[in-house]
Amino acid sequence: MEQEVTYCTIIGAAPLGDSRLLLQAAERGDFLICADGGLDTARRLGVTPHLILGDFDSLQGEIPDGEDVIRLPVEKDDTDMLHAVKVGLQHGYRSFLLLGGLGGERPDHSMANFCVLRYLAEHGAQGVLTDGRTAVRYFLPGTHGLEGKKGELVSVFPFGCLSCTVSYTGLYYETHHTVLTLADAMGVSNCMTGERASITVHEGQALVFTQRGEKES
């Protein structure tokens, strides 16, 4: 099965946002992993995951058992989301959709999931962390395409480095070999001028946020 499925979708314990994302992933045939409290979300939507893992400190419902369950210790180095990503990589997946990983009562977990995006990029994979309205991606050096709608917000920040050098096309504020640093927020609140844009990272690494308007979510 793993060789036939393109995407690995991981559901965390934070609010899902747009539930259609998970339902579409299930219909598409993604390999589904519930990380801890993400199982509550899957159960509520009637979605059966292929794998369940975690220390189950955030799970509200009954703790599962069976061959498709990986029970993790509470005292561990990896978050449940990162462990799920590592399992997905071991299964051969290189495209990841991370749901239930933004917002909620634990902003530190959102930050940890930004680090998960970096982990994926540095292991030859790509990931999108999203709640349906906001999507976060991590870009290594190179040219990366974005698809969206005119007016969609785009913000770029250096991540894992003191600065990054970037160029944009297809954004309202186009730039060429501009240096973004941690000491300012110059990369915030750009927007798409059409349905496609590109960001080239010349040096450093970048965390890229795209955000749809209220009427589009």
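The structure displayed is predicted, hence computed values, not measured ones. (Residues numbered from 1 in each chain as written. Predicted model: local features only at pLDDT ≥ 70, side-chain atom pairs only at ≥ 80, totals over all residues. Heavy atoms only, no water.)

Draft legend 1. Structural view of the overall build of the protein. On a plain count of helices and strands, the protein comes out with four helices and 14 strands. Computed over its C-alpha atoms, the radius of gyration of the protein comes to 18 Å, within 12% of the 17 Å expected for a compact globule of 217 residues. With respect to the three principal axes, the spread of C-alpha positions in the protein is 55 × 35 × 35 Å. The buried share among the 217 residues of the protein stands at 48%. Pairs at least 24 residues apart make up 60% of the contacts formed inside the protein by residues separated by at least 6 positions. (Helix = DSSP H or I, 4+ residues; strand = E, 2+ residues; numbered from the N terminus. Rg over C-alpha atoms; globule rule 2.2 N^0.38 Å. Buried < 20%, exposed > 50% of the residue type's maximum accessible area, 1.4 Å probe, protein only. Contact = heavy atoms within 4.5 Å.)

Draft legend 2. Structural detail: the nonpolar core. Within the largest apolar cluster, 29 residues are counted, with the highest numbers of intra-cluster contacts made by Ile-10, Ile-33, Val-85, Phe-96 and Leu-98. Those elements giving two or more residues to this core turn out to be strand E1 (7-11), strand E2 (31-35), strand E3 (51-54), helix H3 (80-90), strand E5 (95-99), helix H4 (107-122) and strand E7 (134-139). It is H3 that contributes the most residues to this core, six residues altogether. Other than its neighbours up to four places away in sequence, Val-85 contacts Ile-10, Phe-96, Leu-98, Val-116, Tyr-119 and Leu-120. (Core = buried A, V, L, I, M, F, W, Y, C linked by side-chain atoms within 4.5 Å.)

Draft legend 3. Examining helix H2 (residues 38-45) more closely. For H2, the complete set of buried residues consists of Gly-38, Leu-39, Thr-41 and Ala-42. Considered in projection along H2, the buried side chains sweep an arc of 155° and stay on one side of the axis. Of the surrounding elements, those touching the buried residues of H2 are E1, helix H1 (20-28), E2 and E3. Looking at the residues trailing H2, positive phi occurs at Gly-46, about 70°. (Arc of directions from axis to C-beta.)

Draft legend 4. Structural detail: the pairing of strand E9 (residues 153-158). Examined bridge by bridge, E9 and strand E12 (residues 190-191) share two bridges and lie antiparallel to one another. By the bridge assignment for E12, Val-154 is matched with Asn-190. Bridge count between E9 and strand E14 (residues 206-211): six bridges; the pairing is antiparallel. Note on E14: the bridge partner recorded for Val-156 is Val-208. (Pairing = 2+ DSSP bridges.)

Draft legend 5. Main features of the sheet that holds E12. An order of E4-E3-E2-E1-E5-E6-E7-E14-E9-E12 is seen for the ten strands of this open sheet, with the pairing classed as mixed. If you trace the sheet from one side to the other, it starts and ends with strand E4 (69-71) and E12, each paired once. Those strands touched by H1 are E1, E2, E5 and strand E6 (126-130), and its axis lies near 145° from that of E1. (Axes fitted to C-alpha atoms, helices over the stretch in contact; angles between N-to-C directions.)

Draft legend 6. Layout of the side chain of Thr-175. Inspection of the secondary structure puts Thr-175 in the loop between strand E10 (163-169) and strand E11 (178-181). For Thr-175, a relative accessible area of 15% corresponds to the buried category. Filtering out sequence-adjacent residues up to four positions away, Thr-175 remains in contact with Val-166, Ser-167 and Tyr-168.

Draft legend 7. Inspection of the sheet that holds E10 at higher detail. One open sheet accounts for four strands, arranged E8-E13-E10-E11; its pairing is antiparallel. Two strands lie at the open edges of the sheet, namely strand E8 (142-147) and E11, each paired on one side alone. Each adjacent strand pair in this sheet contributes to an overall mean axis angle of 35°, direction not counted. Relative to E11, E10 runs antiparallel, the two being bridged by four bridges. Following the sheet pairing, Thr-165 is matched in E11 by Val-179.

Draft legend 8. Quick look at unusual backbone geometry. With a phi angle near 55°, Asp-36 is a residue other than glycine that sits in the positive phi range. On the secondary structure map, Asp-36 appears in the loop between E2 and H2. For Asp-36, a relative accessible area of 1% corresponds to the buried category.

Draft legend 9. Layout of the packing of aromatic side chains. Per the stated rule, a full pass over the model turns up six aromatic pairs. Ring plane angle 85° and centroid distance 5.9 Å describe the contact between Phe-157 and Phe-209, whose orientation is recorded as edge-to-face. Residue Phe-157 is found in strand E9, and its partner Phe-209 is found in strand E14; the two are separated by 52 residues along the sequence. Of the residues examined, Phe-209 reaches a relative accessible area of 22% and is grouped as partly exposed. Members of the aromatic cluster, connected to one another through ring pairs, are Phe-114, Tyr-138, Phe-157, Phe-159 and Phe-209. Over the ring of Tyr-7 we find Arg-28, and its NZ or CZ is 5.1 Å from the ring centre. (Phe/Tyr/Trp six-rings, centres within 6.5 Å; stacked < 30°, edge-to-face > 60°. Lys NZ or Arg CZ within 6 Å of the ring centre and 35° of its normal.)

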